[in-house]
Amino acid sequence: MGNLLKVLTCTDLEQEPNFFLDFENAQPTEAEREVWEQVDVVLKDAKGILDELQAYKGAGQEIREAIQNPNDDALQEQAWAAVVPLVGKLKKFYEFSQRLEAALHSLLGALTSETYSDPTQHLEREQALAKQFAEILHFTLRFDELKMTNPAIQNDFSYYRRTLSRMRINNVPAEGENEVNNELANRISLFYADATPMLKTLSDGTTKFVSENKNLPIENTTDCLSTMASVCKVMLETPEYRSRFTSEDTVSFCLRVMVGVIILYDYVHPVGAFAKSSKIDMKGCIKVLKDQPPNSVDGLLNALRYTTKHLNDDSTNKTIKSMLQ
């Protein structure tokens with residue numbers, strides 16, 4: 001393994017970058033194993049969550065009929081019977097977000113510890129943990145993309161809460177009420193009210209990690225994020241590295257991870273990812289995105305446009321703003 005910093009500051013195009021983060025095959029060393037196994041339990045469930053979300057059709061038809069025929073008890077019962085199991089799924093997705101946040105804390109704890117002197121060494125020597133961190137970011141952006149294009153989620157949950165409230169007023173026993181009590185319903189409702197709920201969970205979780213670990217310089221966390229963004233950018237724009245990906249899916253994985261760490265950095269760093277002092281080459285990252293096939297990265301460009309915190313700050317370079325317009 002070479003020195004990643006040489007890669008990141010390299011302006012000589014003839015000099016090949018010599019650091020490859022193996023997102024496809026990295027295996028945990030003994031030192032990584034404990035944290036890796038904790039996180040692996042969570043990640044094993046991530047694909048199932050995405051599959052369920054992708055298949056989520058909602059109860060729009062039943063809800064419309066119930067609302068249009070308020071005195072038809074059969075239609076009210078049909079709508080309720082359709083919504084209750086869906087709310088069970090929405091609760092499951094929300095609870096998974098809490099598990100994901102805990103997994104993120106474990107990974108950040110390992111990747112920002114004083115074991116190594118800088119984030120480059122962490123990512124070089126703890127590739128399996130870096131890969132898991134990347135998988136969390138990839139899942140997060142994919143979840144939010146699916147959620148944003150599915151208005152049924154919020155409609156179903158709103159209908160559930162309204163109906164439950166009416167049942168309480170009329171003293172009607174509500175099957176499923178024990179599943180989601182009022183306090184939990186409030187938290188779930190807030191979760192889905194956000195355009196990108198998983199990303200918000202991760203950015204809040206990263207901010208919380210920084211505030212809870214005051215003995216750890218904030219740079220340990222922000223440098224870990226900026227280094228990860230740079231590694232992804234270098235791998236994507238360097239033909240030698242890109243040719244080592246055995247699957248085209250790894251390219252989209254790498255792009256998602258790069259955008260995910262940029263957004264987290266933008267939330268956690270005091271001045272954000274777009275300021276002149278940012279350690280992320282934003283112009284380079286945006287160029288890499290724009291060099292992809294047309295329409296393949298619209299969601300990722302929109303994530304940078306609409307889910308970052310500092311893009312519209314006065315300190316943001318005008319060129320960067322115009323690149324994202």
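As annotated in an unreviewed UniProt entry, the protein carries the name CYRIA/CYRIB Rac1 binding domain-containing protein and is attributed to Salarias fasciatus. Looking at the protein in UniProt, the text filed under Sequence similarities (unreviewed entry) is "Belongs to the CYRI family." Under the heading Subcellular location (unreviewed entry), UniProt records this for the protein: "Membrane".

Q: Would you mind going over the environment of Thr308 with me for this structure?
A: On the secondary structure map, Thr308 appears in the loop between helix H14 (298-306) and helix H15 (318-323). Its relative accessible area of 12% is what places Thr308 among the buried residues. Ignoring sequence-local partners within four residues, the contact set of Thr308 consists of Ile263, Asp266, Tyr267, Phe274 and Ala303. At 2.6 Å, the side chain of Thr308 forms a polar contact with the backbone oxygen of Leu304.

Q: Looking at this model, I keep getting lost on the packing of helix H4 (residues 73-111) against helix H6 (residues 127-148). Mind explaining?
A: If you want to describe how two helices pack, look at the angle between their axes and the distance between the axes. Put simply, H4 and H6 touch, their axes get as near as 10 Å, and they point 150° apart. Judged on the interaxial angle alone, H6 and H4 are roughly antiparallel. The two elements H4 and H6 meet at a crossing, and its hand is left-handed. Between H4 and H6, the residues in contact are Phe93, Phe96, Leu100, Ala103, Leu104, Leu107, Leu108, Ala110 and Leu111 and Leu129, Ala130, Gln132, Phe133, Ile136, Phe139, Thr140 and Phe143, respectively. Of the residues assigned to the contact of H4 with H6, the class counts are 15 nonpolar, two polar and no charged.

Q: I keep staring at empty space enclosed by the protein and nothing clicks. Help me out?
A: Using a probe with the size of a water molecule, rolled over the atoms, empty space left in the structure can be pinpointed. Using the criterion set out here, one finds two cavities of 30 Å³ or more in the structure. Within this model, the largest cavity holds a volume of roughly 70 Å³. Residue lining of the largest cavity: Leu141, Asp144, Glu145, Met148, Thr196, Leu199, Gly299, Leu300, Ala303 and Thr307, and that is the complete set. Broken down by secondary-structure element, the contributors of at least two residues to the lining of the largest cavity are H6 and H14. In terms of residue count, H6 provides more of the lining of the largest cavity than any other element does, four residues in total. Residues that form the lining of the largest cavity fall into these classes: five nonpolar, three polar and two charged.

Q: For this particular structure, what's the right way to read the packing of aromatic side chains?
A: Geometry of an aromatic ring pair is reported as the spacing of the ring centres plus the angle between the planes. Under the criterion given, the structure shown has seven aromatic pairs. Plain terms: the ring middles of Trp80 and Tyr160 are 5.2 Å apart, the flat faces sit at 5° to each other, and that makes the pair stacked. Taken together, the residues span a long stretch of sequence, with Trp80 in helix H4 and Tyr160 in helix H7 (residues 152-169) at a distance of 80 residues. In this structure, Trp80 and Tyr160 share a single accessibility class: buried. Plain terms: the ring middles of Phe139 and Phe143 are 5.9 Å apart, the flat faces sit at 40° to each other, and that makes the pair tilted. Of this pair, Phe139 and Phe143 both sit in helix H6, four residues apart, which is roughly one turn of the helix.

Q: Sorry if this is basic, but what is going on with helix H9 (residues 197-212) here?
A: Three- or four-residue spacings in an α-helix give side chains the same orientation, since the helix completes a turn every 3.6 residues. Given a rise of 1.5 Å per residue, 16 residues ought to cover 22 Å, and the 22 Å separating the end C-alpha atoms of H9 matches this to within 8%. Its buried side turned inward, H9 meets H4, H6, helix H8 (182-193), helix H10 (218-237) and helix H12 (249-268).

What counts and how
Residues numbered from 1 in each chain as written. Predicted model: local features only at pLDDT ≥ 70, side-chain atom pairs only at ≥ 80, totals over all residues. Heavy atoms only, no water. UniProt positions renumbered as here; feature names shortened; annotations may be inferred. Helix = DSSP H or I, 4+ residues; strand = E, 2+ residues; numbered from the N terminus. Buried < 20%, exposed > 50% of the residue type's maximum accessible area, 1.4 Å probe, protein only. Contact = heavy atoms within 4.5 Å. Polar contact = N/O pair within 3.5 Å; in protein donor to acceptor, adjacent residues only side chain to side chain. Axes fitted to C-alpha atoms, helices over the stretch in contact; angles between N-to-C directions. Parallel < 35°, antiparallel > 145°, perpendicular 65-115°, else oblique. Left-handed = near helix turned anticlockwise from the far one by under 90°. Nonpolar A, V, L, I, M, F, W, Y, C, P; charged D, E, K, R; others polar. 1 Å grid on protein atoms, 1.4 Å probe; cavity = no way out; pocket = protein on both sides within 12 Å on 5 of 7 lines; lining within 4 Å. Points joined across faces, edges and corners; volume = space filled by probe spheres on them. Phe/Tyr/Trp six-rings, centres within 6.5 Å; stacked < 30°, edge-to-face > 60°. Expected span 1.5 Å × (residues − 1).

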